[in-house]
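# Descriptive structure summary
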Amino acid sequence: MSQKLDNMEIGYLYFDAKDYLFIQKRFPELYNLFEQYVDRRSNEIRLAVTDKSCDYLDNKVLLVITESAAYTPDGNPTDDAVKLETIWDKA
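So, a few notes on the structure that sits alongside this text. (Residues numbered from 1 in each chain as written. Predicted model: local features only at pLDDT ≥ 70, side-chain atom pairs only at ≥ 80, totals over all residues. Heavy atoms only, no water.)

## What about the environment of F22?
As a reminder, the rule being used: Strands here mean DSSP runs of E at least two residues long; helices mean DSSP runs of H or I at least four residues long; both are numbered from the N terminus. Think of it in three bands: residues with accessible area under 20% of the maximum for their type are buried, residues over 50% are exposed, and the middle band is partly exposed, with areas taken using a 1.4 Å probe on protein chains only. Here, two residues are considered to be in contact whenever any of their heavy atoms come within 4.5 Å of each other.
Considering the arrangement of structural elements, one finds F22 in helix α1 (residues 17-26). Judged by its relative accessible area of 11%, F22 falls in the buried class. Residues F22 and D80 lie 58 residues apart in sequence; the distance between their C-alpha atoms is 9.0 Å. Residues in contact with F22, not counting those within four places in the same chain, are F27, D80, K83, L84 and I87.

Structure below.
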């Protein structure tokens, strides 16, 4: 569901509480970024985003996933990064 705000369409990215806690513990820099977009009017964990802010967050998540590959001998993303990608895809 989306709504209009200042001529910008707002959409929502939804997170399961367990997944959001995982992000908080394993990727605190992303968690802190996501917290800026949390819709506090909702009982659900949802980020209120425009297309532009969603693209920005998507780029940040993909950067974290890509950078994690630099820390593995085989050059693949870490297990935590793969889990993050799955969580992000669900949102």
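## A look at helix α4 (residues 79-90)
Counted only if it meets this: Given the number of residues in a helix, its expected span is that number minus one, multiplied by 1.5 Å. The arc in question is traced by the directions running from the helix axis to the C-beta atoms.
Along its 12 residues, α4 runs 17 Å from first to last C-alpha, staying within 8% of the 16 Å computed at 1.5 Å per residue. Of the positions making up α4, those classed as buried are A81, L84, I87 and W88. Taken down its axis, α4 places every buried residue within 115 degrees of arc, on the same side. Every exposed residue of α4 that faces more than 90 degrees away from the buried side is listed here: D79, D89 and K90. For α4, the secondary structure elements touched by its buried residues are β2 (8-15), α1, α2 (28-35) and α3 (51-68).

## Details of the environment of A69
Here A69 is to be found in the loop between α3 and α4. Taking the C-alpha atoms as reference, A69 lies 28 Å from D51; in sequence the two are 18 residues apart. Ignoring sequence-local partners within four residues, the contact set of A69 consists of G75, N76 and P77.

Functional significance is not addressed by these values, which are geometric in nature.
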